[in-house]
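Examination of the molecular architecture
The primary structure of each chain is shown beneath.
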Amino acid sequence: MKKTGAEILVQSLLAEGVDTIFGYPGGMVLPIYDALYDADLRHILTRHEQGAAHAADGYARASGKPGVCLATSGPGATNLVTGIANAYMDSIPMVAITGQVVTSLLGKDSFQEADITGITLPITKHNYLVKDVQDLAQTLREAFYIARTGRPGPVLIDIPRDVSGGTADYADPGPARLPGYSVNTKPDPEQVARAVRAIEESERPVIYAGGGVINGGAHEELLRLAEILLAPVATTLMGLGGFPGNHPLSVGMLGMHGSKYANYAVSECDLLIGVGVRFDDRVTSKLEAFAPGATIIHIDIDPAEIGKNVGVDIPVVGDVRNSLQKIIECLQPRLESRWRDKIQNWKKEYPIEFVENGRLKPQEVIKEMYNVTRGEVRVVTDVGQHQMWAAHYYTYHRPRTFITSGGLGTMGFGFPAALGVQVACPDETVLCITGDGSFQMNSQELATVVHYNLPVKIGIINNGYLGMVRQWQELFYNRRYSYVEITGPDFVKLAESYGAVGIRVSKKSEVREAMEEAMRVPGPVVIDFPIEREENVLPFVPPGEPINKMLG
Amino acid sequence: MRHTLAVLVENNPGVLARVAGLFSRRGFNIDSLAVGRTENPDVSRMTIVVEGDARVLEQVTKQLHKLVDVIKINDITADEYVDRELVLIKVNVGPAQRGEVMQIADVFRARIVDLGRKTLTLECTGNDGKINAFEESLRPYGIKELVRTGKIAMLRGFKYTGYHDNGTKEDN
Ligand SMILES: Cc1ncc(C[n+]2csc(CCOP(=O)(O)OP(=O)(O)O)c2C)c(N)n1
Ligand SMILES: [Mg+2]
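Residues numbered from 1 in each chain as written. Chains lettered and ligands numbered in written order. Predicted model: local features only at pLDDT ≥ 70, side-chain atom pairs only at ≥ 80, totals over all residues. Heavy atoms only, no water.

1. What about the overall build of chain B?
- Along chain B, the regular secondary structure elements total four helices and 10 strands.
- Its C-alpha atoms put chain B at 60 × 35 × 30 Å along the principal axes.
- Expressed as a percentage of the 172 residues in chain B, the buried residues total 45%.
- Here the contacts in chain B between residues at least 6 apart in sequence split such that 74% fall between residues at least 24 apart.
- A total of about 9200 Å² of accessible surface is found on chain B, and carbon and sulfur atoms cover 51% of it. (Helix = DSSP H or I, 4+ residues; strand = E, 2+ residues; numbered from the N terminus. Buried < 20%, exposed > 50% of the residue type's maximum accessible area, 1.4 Å probe, protein only. Contact = heavy atoms within 4.5 Å. Areas by Shrake-Rupley, 256 points an atom, 1.4 Å probe, with all protein chains shown as cover.)

Encoded structure:
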């Protein structure tokens, strides 16, 4: 059957199970928008393409399905770049579709031409410039397949206007044909056997779990492994929610802003089992001093992660869930563990804490958020101090309930991502914990949440500073606060001017009531929490130090 | 140590940029890279000479594998293989010295491909060592211009770095 490229695109999206796309129109996507006009697909019009990219990313993180964003050529496409890089760093399945100038004008610096496949080469898992409408259906099939299989990631498809506006015979393209792409999901039995032996011989095992556990749906297996070994589980920022935070074996987060007991456990363990992690520098800090006495097992689907940052003793390459199952099958449960008892003592001795002083403290705000929501909502954060407080003082029990920009650390991610999470989870409460700096980077999306009545609750941890940078200037630059004091609008009025509800809370005693009020409101709510301005995130590993040398 | 990689890639536009970008981004050192088509019109072959220890090589190989357009990678360094490179050299020689240079060319089985009033252009193929020696022998005459293709290589005997369309990525 003859179809236009744009119709083929819509048809292909539907065939991939896409129900929603986030986008922004322009000249080079006119044929696509014409097809969307009466397509059986929900399109959310954001107020900035960056918002669309982060929303698609948030949608993917919450649902596990690829998020889809759409933008026009040139500036529309370049506005997606931060969002694509963000998804790439955190291995999030996403398909970004961009319009492009007509094929005859390619490479001529034509109006609104940007070489977006060139620009996104290092920040996509793969990308395509489709020059022939005949290739469109096959390309889309491949793009979705690549985005969601193996180690997930963003794929970009650049479609010139004469391709989306051209016509071709459409038939389902069948499975993706990719001779250069294969995913090894089954771990090598010999490596599994070696891992099992090392585990059996260990006395002080620690599990170090990351975003791969969530991407790979391995949280149940992780729990079983920990309980069999009575081993503490330290998660990365990306791994939060992959292991129940209130479980006695949970030691919270490790690394630069980890808990002392997690970092002590890693420093003294004799076996470190890395599951879906990449030994990022924010976790390891001084590499030579990271888990110095430990045998290291590294389980990951991406073979290139093995040995990239640290030498690994036993690599297990495969799907993390599958690999953990294979390992667990061979293990006998431990009945007691002095190591576990030691860690329980550390937990009592070195709790994560803060000092109350009568002024509103960010930690109290977040704890109260937890109490009111009982840890049952989807939390989406921005980047900065508030992100770390959200990691420390809210407890995450289930995967995909803590959504944050880990690898790229993108300020401005939180709110549009929360919008995408709300679209993916219409029946759940979505709580965006943001900073006054971060929120101002994409606050225009208030119009979007109001327009679509996406009832996101936005808590602004407002210190009047780019707080995380201020903290570094305080600690390492003699309190020379250089351009970190940041003003903003009256956030309550800002919310109201968009048609959302705004609330301001300046006393601890009002936090609970305000949160409950926000939950009752059927639409989006902004709560401004003016907090103690110079509060620091502690504990903290100064850069270049071993992770057990913590301040605070 | 220097390693010679035979890399089969899909003949897609942009594949060279992907490979080159990967090397520069991750700080891998390319000594030479030669690319051309193969017996299969959909597949090109790159011969990449890269410098690095075992750990670097492991990363190079694994990162290359992650490129969707890369079908197969073969580190042939330790195998028996034939390698060739072609060089074109233009030297500053007038009629007086032509004889001498032609004798050198003879020794290296090089050919004269162009003759000008004051220049002579020679072509020579061989492995690295031979090409380097040839270049050194001509240096005293004054090399005006030199261009090398980069090395291409092929395994000896029955072994080969072929591509079988069974839908999987191979790694020998
Ligand atoms: C897009 C972007 N620009 C700059 C930074 C550097 N940076 C990291 S945290 C931070 C401050 C964030 O301020 P705010 O959102 O108010 O959060 P706070 O630390 O005060 O809680 C900055 C500027 C970044 N991470 N992202
Ligand atoms: Mg702030």
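2. Considering the pattern of salt bridges
All names here are of chain A.
- Per the stated rule, a full pass over the model turns up 49 salt bridges over all chains.
- Its salt-bridge partner being Glu-532, residue Arg-359 comes within 2.8 Å of it at the nearest N-O pair. Taken as a pair, Arg-359 in the loop between α15 (338-349) and α16 (362-373) and Glu-532 in the segment after β20 (525-530) lie far apart in primary sequence, 173 residues in all.
- Under the relative-accessibility criterion, Glu-532 is labelled buried at 14%. (Salt bridge = Lys/Arg side-chain N within 4 Å of Asp/Glu carboxyl O.)

3. Quick notes on the domain arrangement of chain B
Residues and elements named next belong to chain B.
- Per the domain assignment, the segments of chain B are domain 1 (2-80) and domain 2 (82-152).
- Spacing between the C-alpha centres of domain 1 and domain 2 amounts to 29 Å.
- Facing seven residues of domain 1, the contacting portion of domain 2 comprises five residues.
- Between domain 1 and domain 2 the total buried area reaches about 430 Å² when both faces are included, carbon and sulfur atoms providing 51% of it.
- Counting across the interface, domain 1 meets domain 2 through one salt bridge. (Domains from an automatic or database assignment. Buried area = accessible area lost by both parts, 1.4 Å probe.)

4. As for helix α17 (residues 385-393) of chain A
- With nine of nine residues buried, α17(A) lies mostly within the body of the structure.
- Those residues of α17(A) that fall on the buried side of the exposure criterion are Gln385(A), His386(A), Gln387(A), Met388(A), Trp389(A), Ala390(A), Ala391(A), His392(A) and Tyr393(A).

5. A few points about the domain arrangement of chain A
Residue and element names in this part refer to chain A.
- Segmenting chain A into domains produces domain 1 (2-169), domain 2 (189-349) and domain 3 (362-530).
- Spacing between the C-alpha centres of domain 1 and domain 2 amounts to 37 Å.
- Listed as interface residues are seven residues of domain 1 and, on the opposing side, six residues of domain 2.
- Across the domain 1/domain 2 interface, buried area totals approximately 560 Å², and carbon plus sulfur atoms make up 51% of it.

6. Quick look at the packing of aromatic side chains
- Counted according to the given criterion, the structure contains 20 aromatic pairs over all chains.
- Measuring from centroid to centroid gives 5.9 Å for Phe23(B) and Phe28(B), while their planes differ by 80°, and the two rings are edge-to-face.
- Taking relative accessible area as the criterion, Phe23(B) reaches 1% and is therefore assigned buried.
- Aromatic side chains Phe108(B) and Phe134(B) sit 5.2 Å apart centroid to centroid with 55° between the ring planes, which places their arrangement in the tilted category. Within this pair, whereas Phe108(B) is found in the loop between α3 (98-107) and β6 (111-115), its partner Phe134(B) is found in helix α4 (residues 128-138), the two being separated by 26 residues in sequence.
- By way of ring pairs, the aromatic residues Tyr264(A), Trp339(A), Trp346(A) and Tyr350(A) are connected into one cluster. (Phe/Tyr/Trp six-rings, centres within 6.5 Å; stacked < 30°, edge-to-face > 60°.)

7. Side note on the coordination of the magnesium ion (ligand 2)
Residues and elements named next belong to chain A.
- Surrounding the magnesium ion (ligand 2) are the protein donor atoms Asp-436 (OD), Asn-463 (OD1) and Tyr-465 (O), at 2.1 Å.
- On the primary sequence, the residues serving as donors to the magnesium ion (ligand 2) are separated as D-x26-N-x1-Y. On the criterion of sequence distance, the pair formed by Asp-436 in helix α19 (residues 436-441) and Asn-463 in the loop between β18 (457-462) and α21 (467-476) is long-range, its members being 27 residues apart. The burial state of Asp-436 is the same as that of Asn-463; both residues are buried. (Donors = N, O, S within 2.8 Å, 3.2 Å for Na, K, Ca; no water.)

8. Comments concerning the site of ligand 1
Residue and element names in this part refer to chain A.
- As a matter of local geometry, ligand 1 sits amid 17 residues, with Gln-385, Gly-409, Gly-437, Ser-438 and Gly-467 nearest to it.
- One of the backbone nitrogen or oxygen atoms of Met-411 is found 3.3 Å away from a nitrogen atom of ligand 1.
- Within the side chain of Asn-463, an N or O atom sits 2.9 Å from an oxygen atom of ligand 1.
- Here ligand 1, which alone exposes 590 Å², has 76% of that area covered by the protein.
- Going through the elements one at a time, α17, α19 and α21 are the ones with two or more residues in the shell around ligand 1.
- Counting residues per element, the shell around ligand 1 draws most heavily on α19, at four residues.
- Of the residues in the shell around ligand 1, the class split is seven nonpolar, nine polar and one charged. (Near = heavy atom within 4 Å. Polar contact = N/O pair within 3.5 Å; in protein donor to acceptor, adjacent residues only side chain to side chain. Nonpolar A, V, L, I, M, F, W, Y, C, P; charged D, E, K, R; others polar.)

9. Let's talk about the sheet that holds strand β5 (residues 94-100) of chain A
All names here are of chain A.
- The parallel open sheet is built from six strands, whose spatial order is β3-β2-β4-β5-β7-β6. Of all the strands in the sheet, just β3 (42-45) and β6 (126-129) have a single pairing partner and so form its edges. The average undirected angle you get between the axes of adjacent strands in this sheet is 20°.
- Judged from the four bridges that link them, strand β2 (residues 20-23) and β3 form a sheet pairing that is parallel. What sits directly across from Thr-20, in β3, is Arg-42.
- Lying over the sheet, helix α3 (residues 49-63) contacts β2, β4 (67-71) and β5, oriented at roughly 170° with respect to β4. (Pairing = 2+ DSSP bridges. Axes fitted to C-alpha atoms, helices over the stretch in contact; angles between N-to-C directions.)

10. Some words on the packing of α16(A) against helix α23 (residues 508-520) of chain A
Residue and element names in this part refer to chain A.
- Running from N to C, α16 and α23 point in directions that differ by 45°, and their axes come no closer than 9 Å. Viewed along their axes, α16 and α23 adopt a mutual orientation that is oblique. By crossing handedness, the relation of α16 to α23 is classed as right-handed. Note on element contacts: α23 touches α16 through Lys-508, Val-511, Arg-512, Met-515, Glu-516 and Met-519, opposite Glu-364, Val-365, Glu-368, Met-369, Asn-371, Val-372 and Thr-373.
- Residues that form the contact of α16 with α23 fall into these classes: six nonpolar, two polar and five charged. (Parallel < 35°, antiparallel > 145°, perpendicular 65-115°, else oblique. Left-handed = near helix turned anticlockwise from the far one by under 90°.)

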